[in-house]
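Topology and contacts: notes
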Amino acid sequence: MNLRDLKKYILPFTLMAIIGFLIIAACGGAGGTTEAPESVPVSGDINEIAAARGLTPADVEAAVKTYTPTGMIDEYVMFSSGGHSGQLLVIGMPSMRLLKVVGVFTPEPWQGWGYGAKTTMEVLDEGKVDGEDVLWGDTHHPALSETEGEYDGEWVFINDKANARIAVIDLRDFETKQIVKNPIAVNDHGGTMVTPDTEWIIEGGQYAAPLGWEYASLEDYESEYRGMVTFWKFDRESGRIQYDQSFAMELPPYWQDLCDAGKLVSDGWVFCNSFNTEMATGGVESGNPPFEAGASQRDMDYMHIINFDKAIEVANAGQTEMVADFPVIPMQTAIDEGLLYFAPEPKSPHGVDISPGGEYMVVSGKLDPHVTTYSFEKVQAAIEAGGFETDDYGIPILAFDDVVESQVEVGLGPLHTQFGPDGYAYTSLFLEPAVARWTLGGPYEDLNEDPPWSLVTKTFVHYNVGHIAAAEGDTVSPDGKYLVSLNKWAIDRFKNVGPLLPQNFQLIDIGQPGTTMPLLYDMPIGIGEPHYAQIIKADKLEPWEVYPEIGWNPGTQSPDPNATMTGEERIERDGNNVDIYMTAVRSHFTPEHVEIKQGDHVTWHITNVERAYDATHGFSLPGYNINVSIEPGETASFEFDATHDGVFSYYCSEFCSALHLEMVGYMLVEP
Ligand code: RUQ
Ligand code: CUA
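Now for a quick tour of the structure. Everything quoted here is computed from the prediction, not taken from an experiment.

**Observations regarding the overall build of the protein**
- Looking only at helices and strands, the protein has 10 helices and 44 strands in total.
- Relative to the globule expectation of 26 Å for 671 residues, the C-alpha radius of gyration of the protein, 27 Å, shows essentially globular dimensions.
- Summarising its shape, the C-alpha atoms of the protein cover approximately 75 × 75 × 50 Å along the three principal directions.
- For the protein, the share of sequence-separated contacts (at least 6 apart) that also reach a separation of at least 24 residues comes to 62%.
- When the accessible surface of the protein is totalled, it reaches about 27700 Å², and 53% of it is carbon and sulfur.
- Here the protein carries 37 positive and 102 negative side-chain charges, and the mean point of each set is 4 Å from the other.

The structure is reproduced here in structure tokens:
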């Protein structure tokens, strides 16, 4: 490729970037950065305080809509990806208060996640990649479990894009219970999404590679590299993914991006968008077009349309091939059995979102100013009619005009779509940056007055929005009310804390129809980079206040055989093996002296015998990298070899009581 060609590819991107920058600069200026006033008058007069702080009436209204006084519980809870923190964020809405950072792929000391406690080490061990610890993750898409397409508040799943892993979090105690490594893929992106009754968790791929971690030269990209989508069977009873009932489907080496499960009328189908149908392999250093240009040459990529109900039958009938000991439906089988169809989608699309009734699939092309809506009914008719063209791999392509319902011009850089209860859909516009409200068909006389398939309004956000999340916004009955814009850049929104800026979540009021869609609140997040979030009505969550009984094992969610009741505390020795049975209660551990010998193998069980709400104890053992959180009723166990001699004061690391500092003991390791 010569320089002129290269310019041809790069120019549109440079232009887009400049437009994006100008818009950011403009709205940064217009949106106004205001300096904090020096001080606030002591008067109790609201208007005086507002004037002194430079607050407009709209600011005061936003404050009143979001301020949540002490003791008032938030109406919604948002579960947000924590990005490469590898964790899951739990945030109350509309207050935008951070409630918890759930340890998932990354150790988290306060929760004792990954610092000795067996139940936590075992889960992190499941996440080993080829036998090696990978103690971080790039979490992208949380998915709340659903019953008949409604969030049920029981489980939440999240993917690790970097290493193609899926985690299962139990919402009875907000703890991670399982991590599954995808055996055929190096990384993923299109997960997690669930089917309407959470029987399956979907994990779509991203950057094509030989399936099963094999080597193949990039010269052989088209023949040896493959895309994939994996379907994990979830069992509510055990609360675990059933590895041996799960399967995958081989796909062409396009970059599958995000998936969504059909619902109601489209239940039983799965949809994934893709990009790089050009099959660009990069290599700018060798004079090839860079990936960003090479993967953006075609005007259309392919939405993948999967007959999932039929795929389950095909997998159950054993029409699979084993790749890395995992059953995969070969591409040819998918074609022969009518499991896989394509529909053209413009241009370098990002994500596909299914409307609440399941009748529409909504796709946005990052390089196209429209959202494109496909009709499930038309897709079915086109499949029925037959007579398709195919791609190079023989996969049938439905004609664009046969399956598209409508295209609405929403603005620059559209990405992700969420839904409201009133016929409105919302799409993030990365380049503007803004959130657009538009009408998903209609007319909806009783719900809104806007014409069908039209852009209604935009709210500018600060800045560069990726995903958006609306209250219950991807269920069969979205709530509306609130939408959060998960922004990639913050620029001038907060006090500068150095070149790495906080991530900015912005709360938007979508409770009023028409062009009213005000911004309410900014929430800086000190870890990053978050991607998707889901927002559930708070009263659907019914977590335990304390574990159901004293001596509870959170790993098995059942009584622990090593539970120790008050009065049963003891130290047992069998040769070099020492077993310690300890209790914790405000404000002491029993026993307080543990005398062992260097070289002993120590197994330590601690039961928190408290029944009081919030009476958590911590257990920190210096020198041995042990830190455990023991919530009321829990039995925690850990093991180590007493390699260093000396005197070790173990202590409670939660300020649990007035005499918390006295909640301590000595472990004496005699040389
Ligand atoms: S995505 S880059 Cu969900 Cu927009 Cu991961
Ligand atoms: Cu228990 Cu501090």
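**Examining the site of ligand 1**
- As a matter of local geometry, ligand 1 sits amid His 140, His 141, His 189, Leu 258, His 350, His 416, His 467 and His 531.
- Of the residues assigned to the shell around ligand 1, the class counts are 1 nonpolar, 7 polar and no charged.

**Focus on the sheet that holds strand E5 (residues 150-160)**
- Pairing is antiparallel across the open sheet formed by 4 strands, whose spatial order is E4-E5-E6-E7. Looking along the sheet, the strands with just one partner apiece sit at the ends: strand E4 (143-147) and strand E7 (175-181). The sheet shows a mean angle of 30° between the axes of neighbouring strands, direction not considered.
- As judged from the 6 bridges shared by strand E6 (residues 165-170) and E7, these two strands associate in the antiparallel manner. Opposite Ile 166, over in E7, you have Val 180 as the bridge partner.

**Observations regarding the environment of Thr 475**
- Residue placement: Thr 475 occurs in the loop between strand E28 (465-471) and strand E29 (480-487).
- Given a relative accessible area of 0%, Thr 475 falls into the buried group.
- Between the alpha carbons of Thr 475 and Gly 149 there is a distance of 5.6 Å; along the sequence they are 326 residues apart.
- For Thr 475, the residues in contact, after removing those within four places along its chain, are Gly 149, Glu 150, Tyr 151, Lys 263 and Pro 356.
- Here the side chain of Thr 475 touches Glu 472 through a polar contact of 2.8 Å, landing on its backbone oxygen.
- In this structure the side chain of Thr 475 is engaged in a polar contact, spanning 3.1 Å, whose partner is the backbone nitrogen of Ser 477.

**Some thoughts on the packing of aromatic side chains**
- Applying the stated criterion across every chain, the model contains 39 aromatic pairs.
- Aromatic pair Trp 155 and Phe 234: ring centres 5.4 Å apart, planes at 75°, arrangement edge-to-face. Linking Trp 155 in strand E5 with Phe 234 in strand E10 (residues 227-235), this pair joins segments that are 79 residues apart in sequence. As far as burial versus exposure is concerned, Trp 155 and Phe 234 are alike and both buried.
- Their ring planes at 70° and their centres at 6.0 Å tell us that Phe 589 and Tyr 650 sit as a pair that is edge-to-face. On the criterion of sequence distance, the pair formed by Phe 589 in strand E37 (residues 588-590) and Tyr 650 in strand E43 (residues 646-651) is long-range, its members being 61 residues apart. Just as Phe 589 is buried, Tyr 650 falls in that class too.
- An aromatic cluster is present here, built from Phe 589, Trp 604, Phe 619, Tyr 624, Phe 638, Phe 640, Phe 648 and Tyr 650 joined pairwise through their rings.
- In this arrangement the basic side chain of Lys 233 is found over the ring face of Trp 200, its NZ or CZ atom lying 5.4 Å from the centre.
- Looking at Arg 570, its charged tip hangs above the ring of Tyr 581, at a distance of 3.8 Å from the centre.

**Some remarks on the pattern of salt bridges**
- Summed over the entire model, instances satisfying the criterion amount to 23 salt bridges.
- The shortest N-O distance in the salt bridge between Asp 173 and Lys 177 comes to 2.9 Å. Each member of the pair, Asp 173 as well as Lys 177, is classed as buried.
- Close ionic contact of Lys 347 with Asp 299 constitutes a salt bridge, the shortest N to O distance being 3.6 Å. Highlighted residues: Lys 347 in the loop between strand E17 (340-346) and strand E18 (349-354) and Asp 299 in the loop between helix H6 (291-294) and strand E14 (300-307), separated in sequence by 48 residues.
- Several salt bridges share partner residues, and in doing so they unite Glu 61, Lys 65 and Asp 509 into one network.

**Details of the side chain of Asp 160**
- Considering the arrangement of structural elements, one finds Asp 160 in strand E5.
- Within the structure, Asp 160 has its side chain in polar contact with the backbone nitrogen of Ala 162 (distance 3.0 Å).
- Engagement of the side chain of Asp 160 in a polar contact is seen with the side chain of Asn 163, the distance being 2.8 Å.
- Every residue in contact with Asp 160, bar those within four places of it in the chain, is listed here: Phe 105, Trp 136, Gly 137, Asp 138, Arg 165 and Asp 188.

Calculation rules
Sequence order as written defines the numbering, with residues in each chain counted from 1. Both sets of labels track the order of writing: A upward for chains, 1 upward for ligands. Given that this is a predicted model, residues contribute local features only at a pLDDT of at least 70 and side-chain atom pairs are listed and counted only at 80 or more, while totals for whole chains, interfaces and linings are drawn from all residues. Hydrogens and water are ignored here; the side-chain numbers use all heavy atoms of the structure. Every helix listed is a DSSP run of H or I at least four residues long, and every strand listed is a run of E at least two residues long, numbered separately from the N terminus. Here the globule rule is a power law, 2.2 Å times the number of residues to the power 0.38, and the radius of gyration is based on C-alpha atoms. Only heavy atoms matter for contacts: two residues are in contact if any of them lie within 4.5 Å across the pair. Only the protein chains shown count as cover for residues, and the accessible areas themselves come from Shrake-Rupley with a 1.4 Å probe. Only four residue types enter the charge count: Lys and Arg as positive, Asp and Glu as negative, with His and the chain ends excluded. Charge coordinates come from a single atom per side chain, which is NZ of Lys, CZ of Arg, CG of Asp or CD of Glu. We define proximity as follows: a residue is near a molecule or strand when any one of its heavy atoms falls within 4 Å of that partner. Gly counts as polar in this scheme, as do all residues outside two lists: the nonpolar Ala, Val, Leu, Ile, Met, Phe, Trp, Tyr, Cys and Pro, and the charged Asp, Glu, Lys and Arg. Strands were regarded as paired on the criterion that DSSP finds at least two bridges between them. Whenever a helix is involved, its axis is fitted only over the stretch in contact; in every case the axis is a line through C-alpha atoms, and angles between N-to-C directions fall within 0 to 180 degrees. Partly exposed describes any residue whose relative accessible area lies between the buried limit of under 20% and the exposed limit of over 50%, with all areas from a 1.4 Å probe on protein chains only and scaled to the type maximum. Nitrogen and oxygen atoms within 3.5 Å of one another constitute a polar contact, given that in protein one can donate a hydrogen and the other can accept it, and given that sequence-neighbouring residues count only through two side-chain atoms. Stacked, tilted and edge-to-face are the three classes assigned to paired rings of Phe, Tyr and Trp, where Trp is represented by its six-membered ring and a pair needs centres within 6.5 Å; plane angles under 30 degrees give stacked, over 60 edge-to-face, the rest tilted. In this analysis the charged atom, NZ for Lys or CZ for Arg, is taken to sit over a ring once it is within 6 Å of the ring centre and within 35 degrees of the ring normal. Put simply, a salt bridge is a Lys or Arg side-chain nitrogen that is within 4 Å of an Asp or Glu carboxyl oxygen.

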